[in-house]
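An overview of the molecular structure
Listed below are the residues making up each chain.
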Amino acid sequence: MNVQAYAVRDEQRPPDNLLLQVVQRGLRSQPKRLPSWLFYDEQGSALFEQICEQPEYYLTRAEIELLRVHAADIAEVLGPDVRLVEYGSGHAIKTRLLLEHLATPVAWVPIELSSEALRLGMQRVAQQIPELPIQPLSMDFTRPLRLPVPPRAPRRTVLYFPGSTIGNFEDREAAQLLRKMRNEMGDNGGILVGADLKKDRSTIEAAYNDKAGVTAAFTLNVLARLNRELGCNFELGAFRHRAHYNAMAGRIETHILSNREQRVRVGRLQVLFREEEAMLVEYSCKYSLEDFAALAATAGLSVQHVWLDPAGTFSLQYLTR
Ligand code: AVJ
């Protein structure tokens, strides 16, 4: 494997008590909420890969289909000698569909919170393109990046942010993240970002309420994680998953509901949940093409190209200054 460092650079890892602080703050606020990056520990990342295989979760299939149809065209727009920096690389299944079409890529820089997912993704890409230098960063991509020195000068740096993960951020935070990315990509760079499109409620809600219950397990894994890492005593059977499409706001809102009144230990804090109290854990925003162009514009970016999957359910957008 052509990996720069043996140990993944563990960039500015937050102190261990940060998790407790973040969780306590979220559980003290009214209404209760938890940040959605909490989903992605090793088990959560594995559950997310399973979600992608559920018949109802159209996003991943649409994006892969999009890449199958348009990857050569996308690669032509990006040009040769690209350094590809990937935000939230996960198991990197889409990455190679893009990388295999790029002319003489300089390096792939996967950024991923779950080190196990990062390892698997790197293994997958290294197997397919053994000569490609890989410079992994194990960190939260919302934090400031210090990009590793590339093995040779790239013609441009492209930040690849697939999956519609940008939809997990409310517009203000999404714009802030895009502005950060705009700085990181440099003058000649670009952002290739996946954005799920608005469509009928039933299709969207089904994607976040699969029959097999994998999404519910993914959501409740957040509580299991807090039990594992913070010694909390969430009773998993006493909470349930709910994902509802707020058409006005254009987003899926995922909550964890308390089935009954109960108290949970979170560090030194005793947290009271009322019966049917809802705790927000995730937004997944859906966009019209106009919505997304407006969002990009607030970050000083313009949409250069938009590619859609054949069914028109999902978009991949190339943003530049
Ligand atoms: C990985 C953030 C794109 O919001 O659709 C899947 C995560 N949550 N099912 C999404 C997720 C519930 C997913 N992203």
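Residues numbered from 1 in each chain as written. Predicted model: local features only at pLDDT ≥ 70, side-chain atom pairs only at ≥ 80, totals over all residues.

1. Description of helix 2 (residues 42–51)
- Gly44, Ser45, Leu47 and Phe48 are the residues of helix 2 that are buried. Seen along its axis, helix 2 keeps its buried residues to an arc of 160°; they face one direction.
- The inward-facing, buried residues of helix 2 abut helix 5 (115–128) and helix 8 (214–230). (Buried ≥ 20, exposed ≤ 12 C-beta atoms within 10 Å, placed from the backbone. Helix = DSSP H or I, 4+ residues; strand = E, 2+ residues; numbered from the N terminus. Arc of directions from axis to C-beta. Contact = placed C-beta atoms within 7 Å.)

2. Comments concerning the sheet that holds strand 10 (residues 302–308)
- If you walk across this open sheet you meet the six strands as 2-1-3-4-11-10, and the pairing is mixed. Each having just a single partner strand, strand 2 (107–111) and strand 10 make up the two edges of the open sheet. The average undirected angle you get between the axes of adjacent strands in this sheet is 20°.
- Sheet analysis places strand 4 (residues 190–196) next to strand 11 (residues 314–320), joined by six bridges and oriented antiparallel. Counted as the bridge partner of Leu192 is Tyr318 from strand 11. (Pairing = 2+ DSSP bridges. Axes fitted to C-alpha atoms, helices over the stretch in contact; angles between N-to-C directions.)

3. What about the site of the ligand?
- Contacts to the ligand come from Ile51, Leu59, Gly163, Ser164, Thr165, Gly167, Asn168, Tyr208, Thr215, Phe218, Glu282 and Ser284.
- When residues of the shell around the ligand are traced back to their parent elements, those giving at least two are helix 8 and strand 9 (278–285).
- When the residues that make up the shell around the ligand are grouped by side-chain class, the tally is four nonpolar, seven polar and one charged. (Near = placed C-beta within 6 Å. Nonpolar A, V, L, I, M, F, W, Y, C, P; charged D, E, K, R; others polar.)

4. Regarding the packing of helix 6 (residues 171–185) against helix 9 (residues 289–298)
- Remark: helix 6 packs on helix 9, axes separated minimally by 8 Å, with the N-to-C direction vectors making an angle of 55°. The orientation of helix 6 relative to helix 9 falls into the category oblique. Crossing angle aside, the handedness with which helix 6 passes helix 9 is right-handed. Judged by residue contacts, Asp171, Ala174, Ala175 and Leu178 of helix 6 engage Leu295, Ala296 and Thr298 from helix 9.
- Split into classes, the residues belonging to the contact of helix 6 with helix 9 amount to five nonpolar, one polar and one charged. (Parallel < 35°, antiparallel > 145°, perpendicular 65-115°, else oblique. Left-handed = near helix turned anticlockwise from the far one by under 90°.)

5. Observations concerning the sheet that holds strand 5 (residues 239–246)
- Pairing within the open sheet is antiparallel, and its three strands lie in the order 5-6-9. Sheet topology places strand 5 and strand 9 at the edges, where each strand pairs with a single neighbour. Pairwise comparison of adjacent strand axes, ignoring direction, gives a mean angle of 20° for this sheet.

6. Points about unusual backbone geometry
- The omega torsion of the bond from Gln30 to Pro31 falls at -5°, within 30 degrees of zero and hence cis.
- Considering the arrangement of structural elements, one finds Pro31 in the loop between helix 1 (16–28) and helix 2.
- Of note, Ala92 is a non-glycine position whose phi angle comes to about 55°, a positive value.
- The topology assignment puts Ala92 in the loop between strand 1 (82–87) and helix 4 (95–99).
- The phi torsion at Thr104 lies on the positive side, around 40°, for a residue other than glycine.
- Within the secondary structure, Thr104 sits in the loop between helix 4 and strand 2.
- With 12 C-beta atoms packed within 10 Å, Thr104 lands in the exposed category.

7. Some details on the nonpolar core
- One finds Trp108, Leu159, Tyr160 and Ile191 to be the most contacted residues of the largest nonpolar core, which totals 61 residues.
- The biggest single contributor to this core is helix 3 (residues 58–78), with eight residues.
- Counting 22 residues, the second-largest nonpolar core is a separate cluster that includes Val23, Val222, Cys232 and Met279. (Core = buried A, V, L, I, M, F, W, Y, C linked by C-beta atoms within 7 Å.)

8. Quick look at the UniProt feature "domain: Histidine-specific methyltransferase SAM-dependent" (unreviewed entry) in the protein
- UniProt marks residues 22–320 with the feature "domain: Histidine-specific methyltransferase SAM-dependent" (unreviewed entry), using the numbering shown here.
- From the first C-alpha to the last, residues 22–320 spans 34 Å; its make-up is 35% helix and 24% strand. (UniProt positions renumbered as here; feature names shortened; annotations may be inferred.)

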